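# Observations on the three-dimensional arrangement
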Amino acid sequence: MRAEQLRSFLEIVATRSFTVAAERLNVTQSTISARIRALEDQLGQTLFRRDADGTVMTDAGRQLEPRARSILHDWQEAQREIALPPGYKTSLRLGGASSLWYTLMHPWVSYMREHAPDVALRLEASYSDNVTERLIGGKLDLGLVFVPPRQPGLALEELTQERLVLVCDTERAEKWEEHYVYVEWDEQFHAGHRAVFPGLSTPAITVNPAYLGLQFVLDRRASAYLPHSIVLPWIETSRLTVVAEAPEFVRPVYLTYPEKPLSDSLLHLATAGLRAIAAAEKRRG
C-alpha cells in the first residue's frame, strides 16, 4: 500500500470524480484508475461504485477512509520529523506544558544550541497525557509532565515544582473575588481549589492555557491562579501582586523519557541540561 494510492483514494472521496481527482493531483485519469485498482487488489475489496450521483464509496471504502487519513497523517509527520536541515546530524524532540516554556523549555533550547549545535530540535506544547502517549508512540524523545506516567518502558524522575499563586491587579487586590478568572489546571488543583474556596461563586470566565489567563489578567485587570515563574516579572514591577494569605498550590514537574533511547549520550546531555536549568530556577525562585 503506497502513499500515492491513499492520496488518490481520498481525492476521489472528496471530489466524487476520478476525472477531477486526476486534475487536482496533476496526473492522468488512467494513473488514478491504476492506483485504485492496485489498492483494491491489495485489500480484496471494491472501494467505489458509480451511480447517478457520481462516484460513491462502498462499505469497504467508508471503512478505509478514516484509516487512510490516519496513515497519511502519520507518514507526513514522520517525513517532517526525520528530515534534517543541512549541517545537522540528528534531532531531539521535547514535549511539555506551555506553562513550562520560559522556565525550562526555552532555556533548554539555548543550552542545547551551545552544547550540541549539530542537533536539530523540535518542541511541542501539550497536556501530560498527550506527551506520555507520544513518548510511548516514539514521537517524542523527552517529556515534561505534571501527571507521572505509569507505563512500562519510561524512566521517570521529579525534576522541579511549579508554584501556582493567586495574583491580581495591584490596585484591585483587596476585591480580587470580583475580578476572578478560573484557569483550568488538573483535577488535583480543581479539588484543592474547591476545598479552600468553598464559598467562592463560580467564575464567569474560564480559560486554558496559562498564557491566555495571564493575558486576560493583564488586559482586564483581573485575578487568577498562575505559575509564579510566569507572573514574576509583573510582580517585580508592581503591576500584579500576590493576594495576601491566599494558599499556594504546588505541582511536581516530572522528566520522563524511554528507558532504551536511540542515543544514550545525547539523552544524557539533554537531561543534564534540564536538571541544571531546574536547579537554577529553584535557586532563583
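Report follows, based on the coordinates. (Residues numbered from 1 in each chain as written. Predicted model: local features only at pLDDT ≥ 70, side-chain atom pairs only at ≥ 80, totals over all residues. Heavy atoms only, no water.)

Another aspect to go through is the overall build of the protein. When helices and strands are counted, the protein shows ten helices and eleven strands. For 285 residues, the compact-globule estimate of 2.2 N^0.38 gives 19 Å, and the protein exceeds it by more than 25% at 25 Å. By principal-axis analysis of the C-alpha atoms, the protein measures approximately 75 × 50 × 35 Å. Within the span of the protein, comprising 285 residues, buried residues form 42% of the whole. Within the protein, contacts between residues separated by at least 24 positions form 69% of all contacts whose residues are at least 6 apart in sequence. (Helix = DSSP H or I, 4+ residues; strand = E, 2+ residues; numbered from the N terminus. Rg over C-alpha atoms; globule rule 2.2 N^0.38 Å. Buried < 20%, exposed > 50% of the residue type's maximum accessible area, 1.4 Å probe, protein only. Contact = heavy atoms within 4.5 Å.)

A few words now on the nonpolar core. Looking at soluble globular proteins, one finds that nonpolar side chains tend to be buried together. Of all hydrophobic cores here, the largest spans 28 residues; its most connected members are Leu166, Tyr225 and Leu226. The set of elements that each furnish at least two residues to this core consists of β6 (154–169), β7 (182–183), α8 (210–220), β9 (223–227) and α9 (228–236). Among residues more than four places away in sequence, those in contact with Tyr225 are Leu164, Val165, Leu166, Tyr180, Val183, Trp185, Phe189, His193, Phe197, Ala246, Pro247 and Phe249. Among the nonpolar cores identified, the runner-up in size contains 25 residues, and Leu104, Val119, Ala155 and Leu274 belong to it. (Core = buried A, V, L, I, M, F, W, Y, C linked by side-chain atoms within 4.5 Å.)

What follows covers the environment of His106. Along the chain, His106 turns up in helix α5 (residues 101–115). Residue classification places His106 among the partly exposed residues on the basis of a relative accessible area of 38%. In sequence terms His106 and Leu123 are 17 residues apart; their C-alpha atoms lie 9.4 Å from each other.

Turning to helix α7 (residues 187–196), a few remarks are in order. Considered for burial, the residues of α7 that qualify are Phe189, Gly192 and His193. Relative to the axis of α7, the buried residues are bounded by an arc of 100° and lie together on one face. Turned more than 90 degrees off the buried face of α7, the exposed positions are Glu187, Arg194 and Ala195. Packed against the buried residues of α7 are β6, β7, β9 and β11 (249–258). (Arc of directions from axis to C-beta.)

Moving on, we get to the side chain of Glu40. Looking at the element boundaries, Glu40 is found in helix α3 (residues 29–43). As a buried residue without a salt bridge, Glu40 has its nearest oppositely charged side chain in Arg37, at a separation of 7.1 Å. Separated by 2.8 Å, the side chain of Glu40 and the backbone nitrogen of Leu47 make a polar contact. The contacts of Glu40, once residues within four sequence positions are left out, are Gln45, Thr46, Leu47 and Phe48. (Lys, Arg positive; Asp, Glu negative; His and termini not counted. Salt bridge = Lys/Arg side-chain N within 4 Å of Asp/Glu carboxyl O. Polar contact = N/O pair within 3.5 Å; in protein donor to acceptor, adjacent residues only side chain to side chain.)

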